[in-house]
Number of protein chains: 2
Amino acid sequence: MPEQTTGSRPTLEAVAARAGVSRATASRVVNGGAGVRPPLVDKVRQAVEELGYVPNHAARTLVTRRNGAVAVIIAEPEFRIFSDPFFEQQVRGISRELTAYDSQLVLLWVEGPGDHERIARYLGGGHVDGALAFSLHNDDELPAIIRRVKVPTVFGGRPGWPGAASELAVPYVDCDNRGGAREAVRHLVSLGREHIAHIAGPRDQTSALDRIDGYRDVLLDADPELVCQGDFTVDSGAHAMAQLLDRRPDLDAVFAANDLMASGALRTLRERGRRVPDDVALVGFDDMHSVVESTDPPLTTVRQDIEGMGRLMVRLLMRVLNEGDPGSGAPASVITPTTLVRRASA
Amino acid sequence: MPEQTTGSRPTLEAVAARAGVSRATASRVVNGGAGVRPPLVDKVRQAVEELGYVPNHAARTLVTRRNGAVAVIIAEPEFRIFSDPFFEQQVRGISRELTAYDSQLVLLWVEGPGDHERIARYLGGGHVDGALAFSLHNDDELPAIIRRVKVPTVFGGRPGWPGAASELAVPYVDCDNRGGAREAVRHLVSLGREHIAHIAGPRDQTSALDRIDGYRDVLLDADPELVCQGDFTVDSGAHAMAQLLDRRPDLDAVFAANDLMASGALRTLRERGRRVPDDVALVGFDDMHSVVESTDPPLTTVRQDIEGMGRLMVRLLMRVLNEGDPGSGAPASVITPTTLVRRASA
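Residues numbered from 1 in each chain as written. Chains lettered and ligands numbered in written order. Predicted model: local features only at pLDDT ≥ 70, side-chain atom pairs only at ≥ 80, totals over all residues. Heavy atoms only, no water.

Undergrad: Account for the packing of helix H11 (residues 234-247) of chain B against helix H12 (residues 259-271) of chain B, naming residues and giving values.
TA: All names here are of chain B. Orientation of H11 relative to H12, taken along the N-to-C sense of each, is 50°, at an axis distance of 6 Å. Relative to H12, the element H11 is oriented oblique. Here H11 and H12 pass one another in a crossing that is right-handed. Of the residues in H12, those in contact with Val-234, Asp-235, Ser-236, Gly-237, Ala-238, Met-241, Ala-242 and Leu-245 of H11 are Leu-260, Met-261, Ser-263, Gly-264, Ala-265, Arg-267, Thr-268 and Leu-269. Residues of the contact of H11 with H12, tallied by class, amount to nine nonpolar, five polar and two charged. (Axes fitted to C-alpha atoms, helices over the stretch in contact; angles between N-to-C directions. Helix = DSSP H or I, 4+ residues; strand = E, 2+ residues; numbered from the N terminus. Parallel < 35°, antiparallel > 145°, perpendicular 65-115°, else oblique. Left-handed = near helix turned anticlockwise from the far one by under 90°. Contact = heavy atoms within 4.5 Å. Nonpolar A, V, L, I, M, F, W, Y, C, P; charged D, E, K, R; others polar.)

Undergrad: Describe the side chain of Asp-210 of chain A, and please don't skip the residues or the numbers.
TA: Residues and elements named next belong to chain A. Within the fold, Asp-210 resides in helix H10 (residues 206-218). Relative accessible area serves as the criterion here: at 12%, Asp-210 is assigned to the buried category. At 2.8 Å, the side chain of Asp-210 forms a polar contact with the side chain of Arg-158. Residues within four places of Asp-210 in sequence aside, it is in contact with Arg-158, Asn-177 and Arg-178. (Buried < 20%, exposed > 50% of the residue type's maximum accessible area, 1.4 Å probe, protein only. Polar contact = N/O pair within 3.5 Å; in protein donor to acceptor, adjacent residues only side chain to side chain.)

Undergrad: So, the sheet that holds strand E7 (residues 227-229) of chain A: which residues are in play, and what are the values?
TA: Residues and elements named next belong to chain A. Across the sheet, which stays open at both edges, the six strands sit in the order E7-E6-E8-E9-E10-E12 with mixed pairing between neighbours. Unpaired on one side and paired on the other, E7 and strand E12 (339-341) mark the two borders of the sheet. Each strand of the sheet is rotated relative to its neighbour by a mean of 20°, with strand direction disregarded. One ladder, built from four bridges, connects strand E6 (residues 196-200) with strand E8 (residues 253-256); its direction is parallel. Bridge assignment links Ile-199 to a residue of E8, and that residue is Ala-256. (Pairing = 2+ DSSP bridges.)

Undergrad: Mind laying out the environment of Asp-279 of chain B, listing which residues take part and the relevant values?
TA: Residue and element names in this part refer to chain B. In this fold, Asp-279 is placed in the loop between H12 and strand E9 (281-286). In the structure, Asp-279 is positioned 28 residues away from Leu-251 in sequence and 8.7 Å away in space, judged by C-alpha atoms. Residue contacts for Asp-279: discarding those within four places in its chain leaves Arg-193, Leu-251, Asp-252, Gly-273 and Arg-274.

Undergrad: Go over unusual backbone geometry, please, and point to the residues and values.
TA: Residue and element names in this part refer to chain A. The step from Val-276 to Pro-277 runs through a cis peptide bond, and the omega angle for that step is 5°. Its location among the elements puts Pro-277 in the loop between helix H12 (259-271) and strand E9 (281-286). Its identity as a non-glycine residue notwithstanding, Lys-150 has a phi of 55°, on the positive side. Along the chain, Lys-150 falls in the loop between helix H8 (142-149) and strand E4 (153-156). What makes Lys-150 exposed here is its relative accessible area of 54%. The phi dihedral of Asp-286 falls on the positive side, at around 125°, and the residue is not glycine. Along the chain, Asp-286 falls in strand E9.

Undergrad: Please provide a residue-by-residue account of the side chain of Arg-193 of chain B, values included.
TA: Residue and element names in this part refer to chain B. Inspection of the secondary structure puts Arg-193 in the loop between helix H9 (177-190) and strand E6 (196-200). Of note is the side chain of Arg-193, whose polar atom sits 3.0 Å from the backbone oxygen of Asp-252. From its side chain, Arg-193 meets the backbone oxygen of Pro-277 in a polar contact 2.9 Å long. Once residues lying within four places of it in the same chain are set aside, the contact partners of Arg-193 are Leu-188, Asp-252, Ala-253, Pro-277, Asp-278, Asp-279, Val-280 and Ala-281.

Pasting the structure below:
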């Protein structure tokens, strides 16, 4: 789109001249007034009103892409966001990095599909320079909305929507989910465990699918009965563990696809009188401090740098914003390494 | 400010005509495109580009006050927001009510004073119709910023900044903190307790000050040694309880200004071998389900309807937005009732 013609509309310079202040001061007042002495604020306000000056954010955005704000969209309902420490850590990294860029974080989430149209309107309304979207599910409408409203976006987690694999230029940050899962399962094998079960995450999220793949990389011929699905919550882990014990009472190890499900599994194992790690060795994924250190015994897990991944998402977005259309460059994804952290549970 | 003159800028009607769609469809595409079939989206996009149409959000906002978005500002750092279930409940109420008004919630928080200028710029940038601000501290710069950028705002909690009491028209929602505290302390008195301590919240928040006042309404001559201050976190409650026991080993009851501090106090009482309620009766404030039902024994507390207060804040804001300048009407604050909920701890 061409730059907007200002026509006869009063300029910020005219406002500054009339108020007898610098353009910088007038700009600060028009943009909120922080740090400007009240008498000067009043003078500029008066000039704005007398001249009928209207700041045109939409036009400015098109030219400079600088609203000074970035939307963080979590594709999960509010109760998940506040109960799963993963989101806090990711948001903490994003928040700190955005502060360094002097960009305001505005957090949005998705209670359900009914929210999509409203979010599209907001994202398309020129209120943010870009977006960071994470915890997407494969059938999510968000990627289509983001493409339609053309807001530059970096995804957290490998995109899994239909056709995503062929969209080379979708920028995202993820950890090596498959490699981390392989390491967890290999560790259980090295301890001599013979019947290793897996509590998987939701099948519509690539992180969960990649971790199952890692499990199967090591245990190609594992009994399908040894795999049970949860939804990354504590209760789903407890429930899956009960099913696994019913199906295969001889199991001697479990790899859970995240720490919350591992802590739920631990609850069930205790209730069923199985000692950890003596009877059943247990490994989680994430290394969430609030979880792994409060379990009894402390949890062996696969560490991913969640806060660091949040920071990386911001840096990637700023690169996209500075270099223009993300579609014009090379694929811009970053895969961060994982590390096995050994504690008492395995 | 006068309505912006559109001059020779292309109108939305011109875009619709060129694209061969209705004005409503053109508007939907310009505002994000949700619910519009992709071929129509493309046609409108093309017309927008050919005509150089620029949606002017700032001007539209001045006329209709409808960005379709409301900022929720929590004046606390991110770690508090994610660890204190109070915020989750308040945000849940706000989120549900805003959805009913088809308004997008954008969540902002304040890590420290360094964030104020950026938040002012965002709020003053015409991106939201209004704001809901809560957990303010009395020396917070936020109220001054909000006044300066003139964004219609409803506060959660009675305003306590200098001069706030004389600003009749500041809209806010609060619960009857002082009355609730009185009821808690009267209950402890009715149980025959003679040395009733109080763990207070931070002295720069009106909710904490009102609850101390309620305690003193009943125990006018209480030993000042029986009052110790925390900061509404679990650890501060544990720490305050230890100090109180050191100062007054004869205490036989505690009223804590919130449930989190009460749960911390319970931890200390257990460590020091005091039985609850036999040796020391304990009452909290909030009735936070995730806390009061997981303590042992379950916690007697003062219930406030946190989610309902969130909803009320939205309704009050919508009234302000519909009726214009909040300064022109009657004082618009709502005080909601509290109820004592008796469980085993007192």
